[in-house]
Every structure is written in structure tokens, then in C-alpha cells.
Amino acid sequence: MLVIIDYGVGNLASIRNMFKKIGTEALVTNDSAKIRAAEKIVLPGVGAFDHCMTMFNASGLREIVTKKALEERTPTIGICVGLQMLTQGSEEGKEPGLGWIKGQTIRFRQDRLGNLKIPHMGWTSVRSCKSSGLTEGFSEDTRFYFVHSYHVKLDDPQDELIAAEYGMEFTAGIEKDNILGVQFHPEKSHRFGMLLLNNFLKSY
Amino acid sequence: MRRIRVIPMLLIHEGGLVKSVRFKEYRYVGDPINAVKVFNEKEVDEIVILDIDATREKRPPDFRRIREIAEEAFMPLAYGGGISTIDEAKQLFNLGVEKVVVNHTAVNNPSFVTGLARQVGSQSVVVSVDVKKNLLGKYKVFTRNGREDTGEEPVSFAKKMQDAGAGELFLNSIDHDGTYRGYDLPLIEKISGVLSIPLVACGGAARVEDFAAAVSSGASAVAAGSMFVFQRPHQAVLISYPGQKELKEKVFSHLRGK
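Not measured: the values here are computed from a predicted model. (Residues numbered from 1 in each chain as written. Chains lettered and ligands numbered in written order. Predicted model: local features only at pLDDT ≥ 70, side-chain atom pairs only at ≥ 80, totals over all residues.)

Undergrad: Provide a residue-level description of the pairing of strand β10 (residues 168-176) of chain A, including the pertinent values.
TA: The two faces of the sheet receive side chains in turn, since in a regular strand these alternate between them. Residues and elements named next belong to chain A. As judged from the six bridges shared by strand β9 (residues 160-166) and β10, these two strands associate in the antiparallel manner. What sits directly across from A163, in β10, is T171. Counting the residues that bridge the hairpin from β9 to β10 gives one residue, and of these G167 lies at a positive phi of roughly 75°. Across four bridges, β10 lies against strand β11 (residues 179-182) in antiparallel orientation. Among the inter-strand pairings, E175 is bridged to a residue of β11, identified as L180. In sequence, β10 turns back onto β11 through a hairpin of two residues, with D177 there showing a positive phi of about 55°. (Pairing = 2+ DSSP bridges. Helix = DSSP H or I, 4+ residues; strand = E, 2+ residues; numbered from the N terminus.)

So this is what it looks like as C-alpha cells:
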């Protein structure tokens, strides 16, 4: 069963809708027993970093989700702030991140963007940085919908899976063993989002 | 390559999809859910849906209908019409709406925008700014579907909404709406000049080239209604959306870093 973690934050209906569209019933839940049985996990997140971390910590689900991801190696994908939560922390807040991936979440620097605006909001082309099941079928047309002011900066370039450009190149997706994350919103990226989520279902 | 968002704007009136000319002369163009399905197939960047009856009828958004629409929207969906409380906005997000568009409540009470942005994040809060020239030829902000002059001057109003916490402004030129005259470029230039948040230009688009002109004048994204639901010259109802190749050639390739 594919489980979308419901810790009180995020666009859960959109993610569930998109999985339904590609033929999979995802379970949106905060029930630890059901999470314990999950075969795959989606960690959503929108809004402020500290709000997401605080809600996740308070949900009582952090321990079980961590066990699933780090000990049982259940394929787990973070979306948007869900990706940023995988890092060690964010310039946006004071709460520590989960630290499953070595690196920080940092703000776009206006001086690197010229007159591009923050947040980065809209559709942007991406490229796959390494061979992976998640990015199978990506082409030069592949684009995703982004809304964010912060992005991930990895310690180990090997963990970078997807790169995109907004004034400068930044990390738009990561993969380290069974831990995955994307900065964009596959659930709102029609054909390309369907491809990516389908890849997550079939390759992991 | 830099892209800009090209956004179909759909109006809901008496349960159906309509398109206006200068915020009047509403013409039925079809079923909203069906239209969203067609726009899905055309892989549009984003959709804005405005229920133009809700505020006038003093009722909240039609959540059941919006749920049906959201379930068919695999692109970002913005909804506006009748949102007067933060709880209503939150309900919309739970249904799968990405952004809420506020107008009447924001005009009357800018602090509503502040409270909303604080709770849901400013990137999800869009204020629509409906502008028309008054009898003296001065730009003024209107509300209630263009029927009520707020007396506000657009540039200072836009700045006020930005300061209140809006993440984006949706600028609708009432005089250009449905007229195929192209966007009101001087208006876009005036307002975008004072903003650090994105401005979405709407009203008057006839051709893809108009998008590039709006962006050159300072818009961060463009929206259109008539252009995407009618086929000229006979105004037959036909949903369309430019292909990526055309957008690249006529718009994206002309953009600079703005």
C-alpha cells in the first residue's frame, strides 16, 4: 500500500487525486499501524519549514516514519517542503530537519537572480543528473510546476538526482538509496507528474 | 529557457461557464468540469476559476462543485468568489485548490489578506485587482464584478495588497476584457513597477504575441478568457490553448531575465 503521511499539512487531496488518475489508490493516513504496513511512503509539505517540522514532530508519527525510511528502507519520497524536511535544517526556520540527507535548505539569493522574482513560481524544465528509475522517460520537454523560495543544497553531489535552473542551477530532486525527494509538485504537473509518480510506483 | 505561465481564466455564472465583454454581456460557453478536462488534455500551465455570483448572492464558495472541478485539475488551480473567512480558504485547500483569489473581502478589509497569508502562506493568496477608467479617464479599482468604484487608485492599492501579504496580484482590465485589443500595457507597467510579487495580466489578449508584450511591460504571467474559449472571427465556442512550440517561438524565446 502507498501511504501519504497526514500530519496536518499539505496538499493531500491533490496528491491522492493524481495517484488515482494513474490507477493507484493511495491511503492518506495518520494511523501508525497503517504506516507501519506501508510499502511506499509520500511525505508532503507546504508552507513554512518550521510549521511543517513542528506539526510532524507533534503528530507522533516521526518515529515510525523514520524507522520505515531508515531501517526498513521503505521507498519514501518528500514533495516540496517534504523534500526540504529531509535535510538537516533550513534558513527559513529554527527547527532542525530530519537529517536523512546531508545538506541544508537555503533561500534563493536575490543578487543571483537578477530581476527574477522570489518565490520561483511556475513551470521549469529539469534535467536528470544520474540514471535512476524515478527519472526514466524524462526528455528535453520535461517540465514541472514549482512554488518555492528555498531550495536544497546538498553536501554530497552524488545525492543530486534532478537539477533545474532559475537564475542559477539548483537541486530540484534528490535520491539516496531509498530516500527520494522533489522540490516541484508532481501532483500538479499533469503528464510529467504522472510519469514521475508512476516511476515511483513501478521502480521502487 | 525561461517560461512564463499562460493561464486560462474561467468564469462561473448560474452554474455554467461564461465569458464576458467588459465584465458584462455574459455568454454561456459550456460546462465547467468539461472545460477543465479539455484544458487538462491541452496541458495548460494553471487555471483560474472565478465564481462571479457568490459575493453578490452573499454566499460562500460552492464547495461541492469545486471538489468536482479540483478532482479533474492536474495542474495548479486557483479559485475565487465568495471567500470571506480563513476557514473557507482552508476548506478550499483541502479540496485540492492551490491558490485562493480574493477581491471584495480584501478591498473592504486588507488585514484579511494578512491573516490569510500568515495561515496558508502568501504564495497561495492572490488578490484580484479589477481596474477600469472612470468617467474622467482615471484608472480606478472596482469591485463587485466591476459595478462598484472603490475610489482606490490602482498603484497604491496594489502596493497596499502586497504589503498586506498577497503573494500575487491578478490584474484584470475591465475596459479590455473580451475586446481582443491586447493587454492594457501602460496599466501593467505602472503597477508592476511598484511590485516585488508576481503580477498576472488579464484582459484583452487576442494572440500569443500579446503575451510577450505584457511580459515586456512587467507582467510575470498572463491570463486570458475569450482567446481560449472562442474561435474567431465568428466567436464559435471552441476551447484552445497554444502549443509549446508556438509559445517557445513567439514568447519564451523573447524573454529576458525579468
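Undergrad: I'd like a description of the nonpolar core, backed by residues and values.
TA: If you look at the biggest cluster of nonpolar residues, it comprises 144 residues, and the most contacted ones within it are I47(B), L169(B), L171(B), V200(B), A201(B) and V222(B). Every residue in contact with V222(B), bar those within four places of it in the chain, is listed here: I4(B), V6(B), I7(B), V200(B), A201(B), A205(B), F211(B) and A214(B). (Core = buried A, V, L, I, M, F, W, Y, C linked by C-beta atoms within 7 Å. Buried ≥ 20, exposed ≤ 12 C-beta atoms within 10 Å, placed from the backbone. Contact = placed C-beta atoms within 7 Å.)

Undergrad: Let's hear about helix α1 (residues 32-41) of chain B: which residues, and what values?
TA: Residue and element names in this part refer to chain B. For α1, the full list of buried residues reads P32, A35, V36 and F39. All buried residues of α1 fall inside an arc of 100° around its axis, so they share one side. Pointing more than 90 degrees away from the buried face of α1 are the exposed residues N34 and E41. Each element contacted by the buried residues of α1 is listed here: β1 (5-13), β2 (16-21), β3 (24-30), β4 (47-51) and α2 (63-70). Once α1 ends, the next one or two residues include E43, with phi positive near 55°. (Arc of directions from axis to C-beta.)

Undergrad: Tell me what's going on with the packing of helix α1 (residues 12-21) of chain A against helix α7 (residues 190-203) of chain A, and back it up with residues and numbers.
TA: Residue and element names in this part refer to chain A. Remark: α1 packs on α7, axes separated minimally by 10 Å, with the N-to-C direction vectors making an angle of 80°. With respect to α7, the element α1 is oriented roughly perpendicular. Contacts between α1 and α7 involve M18, F19 and K21 from the first element and G193, M194 and L197 from the second. Taken together, the residues of the contact of α1 with α7 sort by class into four nonpolar, one polar and one charged. (Axes fitted to C-alpha atoms, helices over the stretch in contact; angles between N-to-C directions. Parallel < 35°, antiparallel > 145°, perpendicular 65-115°, else oblique. Nonpolar A, V, L, I, M, F, W, Y, C, P; charged D, E, K, R; others polar.)

Undergrad: So what's going on with the pairing of β11(A)? Residues and values would help.
TA: Residues and elements named next belong to chain A. Because side chains alternate across β11, one face comprises the buried residues I179 and G181, and the other comprises L180 and V182, equally buried. Bridge count for strand β4 (residues 76-79) against β11 is four bridges, and the pairing is parallel. Within β11, the position partnered with T76 by the bridge is I179.

Undergrad: Residue-level account of the environment of K34(A), with values.
TA: Residues and elements named next belong to chain A. Considering the arrangement of structural elements, one finds K34 in helix α2 (residues 32-36). Distance in space between the C-alpha atoms of K34 and M1 is 8.9 Å, their sequence separation being 33 residues. For K34, the contacting residues outside a window of four places in its chain are V3, L27 and T29.

Undergrad: Residues and numbers for the interface of chain A and chain B, please.
TA: Taken together, the contact pairs 25 residues of chain A with 26 residues of chain B. Secondary structure elements with two or more residues in the side of chain A that touches chain B: α1, β6 (120-128), β7 (143-148) and α7 of chain A. Counted by class, the side of chain A that touches chain B contains ten nonpolar, eleven polar and four charged residues.

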